[in-house]
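Observations on the model geometry
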Amino acid sequence: APASAGLADRHGRRATDLRLSVIDKCNLRCTYCMPAAGLPWLPAAQLMSPAEIVRIVGVGVGELGVTELRLTGGEPLVRGDLEEILAAVRAAHPRLPVSMTTNAIGLASRAQALAAAGLDRINVSLDSLDAETFKALARRDRLGDVLAGAEAAAAAGLSPVKINAVLMAGVNDHEAADLLAWALRRGFALRFIEQMPLDADHGWRREEMVTAAQVRDRLSQRFRLDPHPGQRAGAPAELWEVRPPAGGPVLGTVGVIASVTEPFCAACTRTRITAEGRIRSCLFSHEETDLLSLLRAGASDAQLAELWRAAMWAKPAAHGMDHPGLDSPDYVQPERSMSAIGG
Ligand code: SAM
Ligand code: SF4
């Protein structure tokens with residue numbers, strides 16, 4: 001890869017958006033992500049320390065053109081030193097946009113501190129407003145904690161609070177319009193994400209996934225959706241303006257992310273670091289490159305940047321799952337599941 005091009009790849013894309021997993025562990029067991037028994041968690045010594053995270057972010061921003069950071073996991077709030085991580089990143093990069101994807105358990109008591117430490121924005125994952133359905137889906141009875149967490153995020157100024165929802169046929173797909181009505185009422189920006197074949201149980205079935213077209217159909221039964229005029233070309237979320245069914249004032253917006261049926265790989269700007277400090281060029285990569293070991297061996301920023309650049313140069317063109325069936329020769333599910341990769 002030409003050194004001047006940042007995190008370029010052979011298909012003409014350039015990654016500027018860093019998704020960094022701070023931990024693989026989680027306190028929920030969402031069926032589309034984790035097995036009921038959990039996974040063998042990484043030992044603490046294998047996780048990046050706050051100083052190591054700051055160093056890696058610094059290489060991305062300083063040497064490779066990274067312009068945006070999102071912390072994810074596993075569940076980032078499971079890390080007790082998350083405030084320390086954020087404060088250290090913020091001190092090194094006063095203007096870097098920093099966001100986090102979280103299940104919001106425990107956020108109610110930490111939102112203020114996280115905002116004060118430098119967090120700008122938050123995505124809360126919430127798939128159901130019904131306690132029983134939530135429990136069936138996440139295998140834990142924690143809906144109340146998630147709702148309290150989302151409210152606390154808004155109160156702490158982590159706004160606009162975005163809500164990520166995954167719909168599953170026969171489980172929570174009937175709640176699409178209820179989730180939107182709630183989000184509009186609360187001033188939250190809701191985005192539906194198609195379920196991807198990244199669950200640890202390998203239980204994803206194309207016939208059972210709820211497609212973006214089905215989500216739009218369901219929402220259209222209760223709302224009028226018009227394409228959002230500010231839609232960015234190539235942006236993952238297709239944005240819609242929401243109005244009452246008979247027309248009238250815009251009530252808000254809703255996003256639909258069609259990762260499977262209408263993929264946006266050609267416009268992808270992401271680079272990923274797993275919780276043990278490995279570079280993944282794509283969610284669906286079969287290869288990882290160990291950046292943290294090189295860092296721990298005393299490498300310079302330039303050496304770390306070179307390894308990162310080389311790993312991204314090999315980024316696959318597309319995930320290959322936009323074909324009818326998992327028997328497609330183009331799609332092979334990665335060995336690691338969503339929580340282990342860092343979603
Ligand atoms: N634990 C945090 C959370 O749930 O927000 C952060 C990590 S989680 C892996 C990040 C996002 O990935 C969540 O919004 C979750 O719903 C989504 N996700 C997990 N497995 C998925 C799958 N198989 N298909 C689509 N989205 C998935
Ligand atoms: Fe945990 Fe997030 Fe995976 Fe649910 S989606 S099991 S909250 S990592």
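Scroll up to find the structure this text is about.
Predicted model, so just to flag it, every value in this text is computed and none were measured. (Residues numbered from 1 in each chain as written. Chains lettered and ligands numbered in written order. Predicted model: local features only at pLDDT ≥ 70, side-chain atom pairs only at ≥ 80, totals over all residues. Heavy atoms only, no water.)

Taken together, the residues surrounding ligand 2 are Cys26, Leu28, Cys30, Cys33, Met34, Gly74, Asn103 and Ser339. Counted by class, the shell around ligand 2 contains five nonpolar, three polar and no charged residues. (Near = heavy atom within 4 Å. Nonpolar A, V, L, I, M, F, W, Y, C, P; charged D, E, K, R; others polar.)

Across the interface, helix α1 (residues 50–64) lies against helix α9 (residues 301–313) with an axial gap of 10 Å and an inter-helix angle of 80°. As judged from the angle between their axes, α1 and α9 are roughly perpendicular. In this structure, α1 uses Arg55, Ile56, Val59, Gly60, Glu63 and Leu64 to contact α9, whose residues at the interface are Asp301, Ala302, Leu304, Ala305, Trp308 and Arg309. (Axes fitted to C-alpha atoms, helices over the stretch in contact; angles between N-to-C directions. Helix = DSSP H or I, 4+ residues; strand = E, 2+ residues; numbered from the N terminus. Parallel < 35°, antiparallel > 145°, perpendicular 65-115°, else oblique. Contact = heavy atoms within 4.5 Å.)

Read across the sheet, twelve strands follow the order β9-β10-β11-β8-β7-β6-β5-β4-β3-β12-β13-β14 without closing on themselves; strand pairing throughout is mixed. Each of the sheet's edge strands pairs with one partner strand only, and the pair in question is β9 (224–227) and β14 (289–290). Bridge analysis of β9 against strand β10 (residues 237–243) gives four bridges, and the strand direction is antiparallel. Directly across from Pro227, in β10, lies its bridge partner Trp240. Along the sheet, α1 contacts β3 (17–23), β4 (68–73) and β12 (270–273); its crossing angle with β3, the most-contacted strand, is approximately 170°. Set on the sheet, α9 makes contact with β3, β12, β13 (278–280) and β14; between it and β13 the angle comes to about 30°. (Pairing = 2+ DSSP bridges.)

Near ligand 1 you find 17 residues, and of these Tyr32, Gly74, Glu75, Ser125 and Met196 are the closest. Within the backbone of Gly74, one N or O atom sits 3.0 Å away from a nitrogen atom of ligand 1. With respect to ligand 1, the backbone of Thr102 contributes an N or O atom lying 3.3 Å from an oxygen atom. With the chains in place, 95% of the 540 Å² that ligand 1 exposes on its own is no longer accessible. Of all the secondary structure elements, the ones that give two or more residues to the shell around ligand 1 are β4 and β5 (98–102). Residues of the shell around ligand 1, tallied by class, amount to five nonpolar, ten polar and two charged. (Polar contact = N/O pair within 3.5 Å; in protein donor to acceptor, adjacent residues only side chain to side chain. Areas by Shrake-Rupley, 256 points an atom, 1.4 Å probe, with all protein chains shown as cover.)

Tracing the sequence through the fold places Ala104 in the loop between β5 and α3 (111–117). With 207 residues separating them along the chain, Ala104 and Ala311 place their C-alpha atoms 32 Å apart. Not counting chain neighbours up to four residues away, the residues in contact with Ala104 comprise Glu75, Leu77, Val124, Asp145, Val146, Gly149 and Ala150.

Looking along the chain, the bond that leaves Ser159 and enters Pro160 is cis, with omega of 0°. By the secondary structure assignment, Pro160 is in the loop between α5 (143–155) and β7 (162–165). One non-glycine residue, Ala104, lies in positive phi territory at about 70°. Overall, the relative accessible area of 0% leaves Ala104 in the buried class. Its identity as a non-glycine residue notwithstanding, Arg139 has a phi of 55°, on the positive side. For Arg139, the location among the structural elements is in the loop between α4 (131–138) and α5. (Buried < 20%, exposed > 50% of the residue type's maximum accessible area, 1.4 Å probe, protein only.)

The next point concerns helix α6 (residues 176–186). The element α6 is largely enclosed, with a buried count of eight among its eleven residues. Listing the buried residues of α6 in full gives Ala176, Ala177, Leu179, Leu180, Ala181, Trp182, Ala183 and Leu184. Contacts made by the buried residues of α6 are with α5, β7, β8 (189–193), α7 (212–220), β10 and β11 (252–257).

For β5 and strand β6 (residues 121–125), the ladder comprises four bridges, and the chain directions are parallel. Bridging across to β6, Thr101 finds its partner in Asn123. The handedness of the β5 to β6 crossover, carried by α3, is right-handed. Of the strand pairs in this sheet, β6 and β7 are connected by three bridges, and their pairing is parallel. (Right-handed = clockwise from strand over helix to strand, strands pointing away.)

Take the pattern of salt bridges next. Per the stated rule, a full pass over the model turns up 20 salt bridges. Ionic pairing is found between Arg13 and Asp9, a salt bridge with its closest N-O pair at 2.8 Å. Looking at Arg13, the relative accessible area reads 6%, which means it is buried. A salt bridge links Glu241 to Arg243, with the nearest nitrogen and oxygen atoms 3.4 Å apart. For the pair shown, Glu241 and Arg243 are each scored as buried. (Salt bridge = Lys/Arg side-chain N within 4 Å of Asp/Glu carboxyl O.)

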